[in-house]
Amino acid sequence: MLCLTLEGGTMEIAGYEVEVVELGTVALDGGAMFGVVPRTLWQKQLEPDALNRVHLALRVLLLRGHGRCVLVDTGVGASWSDRDRGIYGIEAGQTVAHRALAGLGVAPDDVTDVLLTHLHFDHAGGAVVRAEDGALAPAFPAARYHVQAANLAWARAPTERDRASYRPDDFEPLARAGCLVEHEGPGELFEGVRVRVSNGHTTGLQIPVVSDGATTLIYPADLVPTRAHVPTAWGMAYDLRPLEVMEEKKALLEEAAQGGWIVVYEHDPDVAATRIAVEGGRLRAADAVDVSRSSPRSRP
Ligand SMILES: [Zn+2]
């Protein structure tokens, strides 16, 4: 799993040092991760445990440049009951963002911006920490947190089907602290970083695209959570609008294939990033791309 680490290697795109940071793992039901795809097929891609769960990475992105330190997504965080830790396979010693970033020389106050792709708990769970007085507070006190307005609105009034995925304690403390910035639709968030917006997985999922023309990297979050989800029909049961996922994913990945873009997978347990190949008209993940995998440090 650590074979992709380049010694001291950091990718540079659009004036940013780009690093992928590992924040531990989460275990989710394999059937739910693959929707209508039968286990006989998906188990060849991701091996389930005795409880039929697949163990997934919580892989976030750190961009340093242009006077900014941008964290993209925050993992599951540390605010979990023992019951939920058991259900989701979250270990008590979970590497949370503060510790992982400390390994890169980044203190919580150094983070200027947190881009939340969407507010599902495995993406926004680390956005907030419990202070010593017991109050919930932004985990990165100096940061502005960026979210799509449509996703925040949805998170505040989810359906019965998806309400287990949205925990108000992951985002309401940010709103109360006045550090939540709501964006309307696609556009440029920072120099060299724009977002696309996708509505198939949930309403208002934003996908950062880091590009300087020569090199482009995308972080599609739950639109393409692992390499196994690259084929158009391999969606998740969690997706609110499966047909939209198929359309959006196909359009994004065809563009990625054409442009030779690097795709970072937030949840793939084995490979952080690949380019996309088209074979016989079908999309597939190409060979792993070397990206620095910095935390926890694999070597001193
Ligand atoms: Zn999600």
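Every chain's residues receive numbers from 1 upward, in the order its sequence appears when written. Restriction of local features to residues with pLDDT of at least 70 applies here, the model being predicted, together with a cutoff of 80 or more for giving and counting side-chain atom pairs; totals for whole chains, interfaces and linings are based on all residues. Water and hydrogen atoms were dropped before computing side-chain values, which therefore reflect all heavy atoms in the structure.

This part takes up the overall build of the chain. Here a helix means four or more residues in a row that DSSP labels H or I, a strand means two or more in a row labelled E, and each is numbered from the N terminus. The helix and strand inventory of the chain stands at 8 helices and 16 strands. In this description the radius of gyration comes from C-alpha coordinates, and the expected globular size is given by 2.2 Å times residues to the power 0.38. Taking 2.2 N^0.38 as the reference for a compact globule, 300 residues should give roughly 19 Å; the C-alpha atoms of the chain span a radius of gyration of 18 Å, in line with that estimate. The C-alpha extent of the chain, read off along each of the three principal axes, is 55 × 45 × 40 Å. Accessible area is worked out with a 1.4 Å probe on protein chains only. A residue is then buried under 20% of its type maximum, exposed over 50%, and partly exposed in between. Residue burial in the chain is summarised as follows: out of 300 residues, 54% are buried. Expressed as a percentage of contacts within the chain between residues at least 6 apart in sequence, the contacts between residues at least 24 apart total 68%. Residue burial considers only the protein chains on display, and all accessible areas are found by Shrake-Rupley using a 1.4 Å probe. If you sum the accessible surface of the chain, you get close to 12700 Å²; carbon and sulfur atoms cover 50% of it. Of the charged side chains in the chain, 28 are positive and 41 negative, and the gap between their average positions amounts to 4 Å. Working rule for contacts: check all heavy atoms of both residues, and any pair within 4.5 Å makes them a contact. Counting rule for charge: Lys and Arg are taken as positive, Asp and Glu as negative, and neither His nor the chain ends is counted. By convention, the point assigned to a charge is CZ for Arg, NZ for Lys, CD for Glu and CG for Asp.

Okay, the coordination of the zinc ion next. Geometrically, a metal with four donors at the corners of a regular tetrahedron has ideal angles of 109.5 degrees, and one with six donors at the corners of a regular octahedron has ideal angles of 90 or 180 degrees. Here the zinc ion is held by His-118 (NE2), His-120 (ND1), His-201 (NE2) and Asp-222 (OD), and the distances to it run 2.1 to 2.2 Å. The donor definition counts N, O and S atoms within 2.8 Å of each metal and applies 3.2 Å to Na, K and Ca; water is not among these atoms, so some sites may look incomplete. Only four donors with every angle between 85 and 135 degrees are called tetrahedral; only four or six donors with opposite donors over 155 degrees apart and all others between 65 and 115 are called square planar or octahedral, in that order; all others are irregular. The coordination sphere of the zinc ion comprises 4 donor atoms, whose angles at the metal cover 92 to 163 degrees; the geometry is irregular.

Whether two strands pair depends on DSSP finding at least two bridges between them. When strand 10 (residues 187-190) meets strand 11 (residues 193-198), the two strands line up antiparallel, connected through 3 bridges. Across the sheet, Phe-190 pairs through a bridge with Val-193, a residue of strand 11. Linking two consecutive strands that pair antiparallel, namely strand 10 and strand 11, is a turn of 2 residues; a positive phi of about 80 degrees is found at Gly-192 within it.

Before going further, it helps to examine the environment of Tyr-238. With respect to the element layout, Tyr-238 can be found in the loop between strand 13 (216-218) and helix 8 (242-259). For Tyr-238, a relative accessible area of 30% translates into the label partly exposed. Between the C-alpha atoms of Tyr-238 and Leu-217, which are 21 residues apart in sequence, the distance is 25 Å. Residue contacts for Tyr-238: discarding those within four places in its chain leaves Leu-28, Asp-29, Ala-32, Met-33, Arg-161 and His-201.

With that out of the way, let us pick up helix 6 (residues 149-156). Every buried residue belonging to helix 6 is among Ala-149, Asn-151, Leu-152 and Ala-155, and all of these are buried. An end-on view of helix 6 places all buried positions within 160 degrees of arc, on one side of the element. Of the surrounding secondary structure, the elements contacted by the buried residues of helix 6 are strand 8 (144-148), helix 7 (168-177) and strand 9 (180-183). It is the directions from the helix axis to the C-beta atoms whose arc is reported.

What follows covers the sheet that holds strand 12 (residues 205-211). As summarised here, the arrangement of the 7 strands in space is 10-11-12-13-14-15-16, forming an open sheet in which the pairing is mixed. Edge positions in the sheet fall to strand 10 and strand 16 (282-288), since each of these pairs with one other strand and no more. For this sheet, the mean angle separating the axes of adjacent strands, direction not counted, is 35 degrees. As judged from the 2 bridges shared by strand 14 (residues 262-264) and strand 15 (residues 273-279), these two strands associate in the antiparallel manner. Note that in strand 15 the partner of Val-263 across the bridge is Thr-274. Orientation is described by lines fitted to C-alpha atoms, with helices fitted over the stretch in contact, and by angles between N-to-C directions that extend from 0 to 180 degrees. Here helix 8 sits on the sheet in contact with strand 11, strand 12, strand 13, strand 14, strand 15 and strand 16, set at roughly 95 degrees to strand 15.

Below, the discussion takes up the environment of Ala-228. Relative to the helices and strands, Ala-228 is located in the loop between strand 13 and helix 8. Ala-228 sits in the buried class, given a relative accessible area of 8%. Between the C-alpha atom of Ala-228 and that of Arg-284, which follows or precedes it by 56 residues, the distance is 8.4 Å. In contact with Ala-228, not counting residues within four places along its chain, are Phe-34, Gln-45 and Trp-234.

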